[in-house]
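As a plain string of letters, each chain reads:
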Amino acid sequence: MNTATRPGFGMRPGEIDTEATEAAIPERSRVDLAAERDEAGIDELMSSLDDELIGLREVKTRIREVAALLLVDRVRQRFGVSSTRPNLHMCFTGNPGTGKTTVAMRMAGLLHRIGYLERGHLVAVTRDDLVGQYVGHTAPKTKEVLKRAMGGVLFIDEAYYLYRAENERDYGQESIEILLQVMENQREDVVVILAGYGDRMAEFFHSNPGMSSRVAHHIEFDDYDLGELESIAGLMSEQDGYRIGGEAAEVFRELLDEQRARPRFANARTVRNVLERARLRHASRLVDTLDDCGLDDLVRLEPVDFKS
Ligand SMILES: Nc1ncnc2c1ncn2[C@@H]1O[C@H](COP(=O)(O)OP(=O)(O)OP(=O)(O)O)[C@@H](O)[C@H]1O
C-alpha cells in the first residue's frame, strides 16, 4: 500500500486524522486487544516458534515486540491516530547455523499475517545475486532481485561482501545505493534483513552510515550450547521419524562436543549434517546386516551410526 493512501500517513505523529476517523472507530470506544491478537494469529505463531525452534529466547522476545508494535500500530490507525510507518529493516548477526534464515522466514510470515507485507515471502540472496561483474550489470541485477522481493522480505546473507573497502570502484557500491533508496522510499513494499557475522557487520555499518541509519532492529543469534544442540537433534530426528536412545545419545553428544571445537562448526546445520550421515550409516547397516527388519530397526539409530 502506498503511504499516501494509508490512513493517518503524511501527518504529524500523534495527530488525529479526522478524515480517517470519520470512517474509523469513534474516539471513545474500546478495542479488544486480545481478540485483535487472536485474529492476527500472533499467539499461534509464537507458540509454533516455541515448539519448532529450540532456545533463541532473546530472538523470540524481539519477534514478540515487533508483533506487539505492529498490532498496536494497526489499532491506532483504526482510531485515526497517525504515526510514521515503523521501520522494520533489520540486521541478524551470529555464526553460521544459528537460525538466522529460519527466523527471517518466520518474520516474513508474521509481517504478512499482521498486514504489514502484502505477500510475506522471503528472497534470500548473497552479493553474487546483486552485483554484476561488468559495468552496467549491477543496477539491473539488484533491481531484478528487489522486484522479486516486493511484498516480502529481502534477506541478504553476508551483506558486508557488498562493500569492498580496498576497491573504491567496486560495483557493490552501486548495489548499496539502490538498496538504500528502496529501503528509504519503499519501506511499505519490502523489508530488508542483512545477515552475517557480528564483527564484520559492525565494520560494514561503520563504513556505510547510510545503511546503518536505515536498520532499526539489531538481533543477535548466540551459538547454541550443548544441551540446545541435543534438543535440536531431538526435534530434527523426531520430525524425520528417528529415535536416538540411551547409548546412541551418549555417543552423539560426544561427537557434537568434539565438532563444536572445530573451526567449521555450524551450530544447528552441523547437527543436521551429523544426523544425515547417521541416517546413511543406519540404512547401510540395515541393508548389510539384516534379512528382515521391524519398525524398531527402521527408526532406531545406534551408537555405531554416529561413529566415523
Ligand atoms: N533453534 C533452532 N531449533 C531448531 N532448528 C534450528 C534452530 N536453529 C536452526 N535450526 C535449523 O538449522 C538449520 C540451519 O539454520 P539456518 O539456515 O536458519 O541458519 P543461519 O543462521 O541462517 O545459517 P547461515 O548463516 O550459515 O546461513 C535449518 O535447518 C534450521 O531449521
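Just so we're clear, the structure is a prediction, and the values are computed from it rather than from any experiment.

About the criteria used
Residues numbered from 1 in each chain as written. Predicted model: local features only at pLDDT ≥ 70, side-chain atom pairs only at ≥ 80, totals over all residues. Heavy atoms only, no water. Core = buried A, V, L, I, M, F, W, Y, C linked by side-chain atoms within 4.5 Å. Buried < 20%, exposed > 50% of the residue type's maximum accessible area, 1.4 Å probe, protein only. Helix = DSSP H or I, 4+ residues; strand = E, 2+ residues; numbered from the N terminus. Contact = heavy atoms within 4.5 Å. UniProt positions renumbered as here; feature names shortened; annotations may be inferred. Near = heavy atom within 4 Å. Polar contact = N/O pair within 3.5 Å; in protein donor to acceptor, adjacent residues only side chain to side chain. Areas by Shrake-Rupley, 256 points an atom, 1.4 Å probe, with all protein chains shown as cover. Nonpolar A, V, L, I, M, F, W, Y, C, P; charged D, E, K, R; others polar. Domains from an automatic or database assignment. Buried area = accessible area lost by both parts, 1.4 Å probe. Salt bridge = Lys/Arg side-chain N within 4 Å of Asp/Glu carboxyl O. Patch = residues over 30% accessible without salt bridge, like charges linked within 9 Å, V, L, I, M, F, W, Y side chains within 5 Å. Lys, Arg positive; Asp, Glu negative; His and termini not counted. Charge placed at Lys NZ, Arg CZ, Asp CG, Glu CD. Expected span 1.5 Å × (residues − 1). pLDDT = per-residue confidence, 0-100. Axes fitted to C-alpha atoms, helices over the stretch in contact; angles between N-to-C directions. Parallel < 35°, antiparallel > 145°, perpendicular 65-115°, else oblique. Left-handed = near helix turned anticlockwise from the far one by under 90°.

Caption draft 1: Molecular detail of the nonpolar core. Counting residues in each nonpolar core, the largest one holds 52 residues, and the members touching the most others are Phe 92, Leu 111, Val 271 and Phe 306. Residues Leu 130, Ile 156, Leu 194 and Phe 205 belong to the second largest nonpolar core, which totals 28 residues.

Caption draft 2: How the structure looks around the environment of Phe 79. As for its placement among the helices and strands, Phe 79 is situated in the loop between α4 (57-78) and β1 (90-94). Taking the relative accessible area as the measure of exposure, Phe 79 reaches 16% and is therefore buried. Measuring from C-alpha to C-alpha, the distance between Phe 79 and Glu 27 comes to 6.4 Å, with 52 residues separating the pair along the chain.

Caption draft 3: Representation of the environment of Leu 56. With respect to the secondary-structure elements, Leu 56 resides in the loop between α3 (42-52) and α4. In the structure, Leu 56 is positioned 165 residues away from Phe 221 in sequence and 7.1 Å away in space, judged by C-alpha atoms. Leaving out residues up to four positions away in the same chain, Leu 56 has contacts with Thr 98, Val 103, Phe 221 and Tyr 224.

Caption draft 4: Layout of the UniProt feature "domain: AAA+ ATPase" (unreviewed entry) in the protein chain. As annotated by UniProt and renumbered to match this structure, "domain: AAA+ ATPase" (unreviewed entry) occupies residues 86-225. When the span residues 86-225 is considered, its composition is 43% helix and 18% strand, and the gap between its end C-alpha atoms is 34 Å.

Caption draft 5: Geometry of the site of the ligand. Lining the immediate surroundings of the ligand are 19 residues, of which Ile 54, Lys 100, Thr 101, Thr 102 and Tyr 224 lie closest. Ile 54 has a polar backbone atom sitting 2.8 Å from a nitrogen atom of the ligand. Tyr 224 places a polar side-chain atom, nitrogen or oxygen, 2.8 Å from a nitrogen atom of the ligand. If the ligand stood free it would expose 630 Å²; the protein chains cover 84% of that surface. Among the elements of the structure, α5 (100-113), α11 (226-239) and α13 (267-289) are those that each provide at least two residues to the shell around the ligand. A class-by-class count of the residues in the shell around the ligand yields nine nonpolar, five polar and five charged.

Caption draft 6: Examining the domain arrangement of the protein chain more closely. What the domain assignment lists for the protein chain is domain 1 (1-85), domain 2 (87-222) and domain 3 (226-306). The interface is formed by four residues belonging to domain 1 together with four residues belonging to domain 3. Overall, the association of domain 1 and domain 3 removes approximately 320 Å² of surface from exposure, summing both partners, and the carbon and sulfur fraction of that is 77%. On the surface where domain 1 and domain 3 come into contact, there are zero salt bridges. Counting across the interface, domain 1 meets domain 3 through zero residue pairs in polar contact (both at pLDDT 80 or more). Considered class by class, the residues forming the side of domain 1 that touches domain 3 number one nonpolar, one polar and two charged.

Caption draft 7: Just the side chain of Asn 87, in detail. Looking at the element boundaries, Asn 87 is found in the loop between α4 and β1. Leave out the neighbours within four places in its chain, and Asn 87 touches Arg 187, Arg 214, Val 215, Ala 216 and His 217.

Caption draft 8: Representation of a negative patch on the surface within the structure. Negative charge collects at one region of the surface, where Glu 58, Glu 220, Asp 222 and Asp 223 lie side by side. Position of Glu 58 relative to the elements: it lies in helix α4.

Caption draft 9: Representation of α4 within the structure. For α4, with 22 residues, the first-to-last C-alpha span of 32 Å sits near the 32 Å given by 1.5 Å per residue. Where α4 is buried, its residues contact α2 (33-40), α3, α5 and β5 (217-221). Gly 80, located one to two residues past α4, shows a positive phi value of around 85 degrees.

Caption draft 10: Seen up close, the confidence of the model for the protein chain. Looking at the protein chain, the pLDDT average stands at 88 and 93% of residues meet or exceed 70. For the stretch residues 1-22, pLDDT sits under 50, and the model shows 40 contacts to residues farther than four places along the chain or on other chains.

Caption draft 11: Representation of the packing of α11 against helix α12 (residues 246-260). Running from N to C, α11 and α12 cross one another at 125 degrees; their axes reach a closest spacing of 10 Å. What the angle tells us is that α11 and α12 run oblique. With respect to the hand of their crossing, α11 and α12 are arranged in right-handed fashion. From α11, Leu 226, Leu 229, Glu 230 and Ala 233 reach across to α12, where they touch Phe 252, Arg 253, Leu 256, Asp 257 and Arg 260. Residue composition of the contact of α11 with α12, grouped by class: five nonpolar, no polar and four charged.

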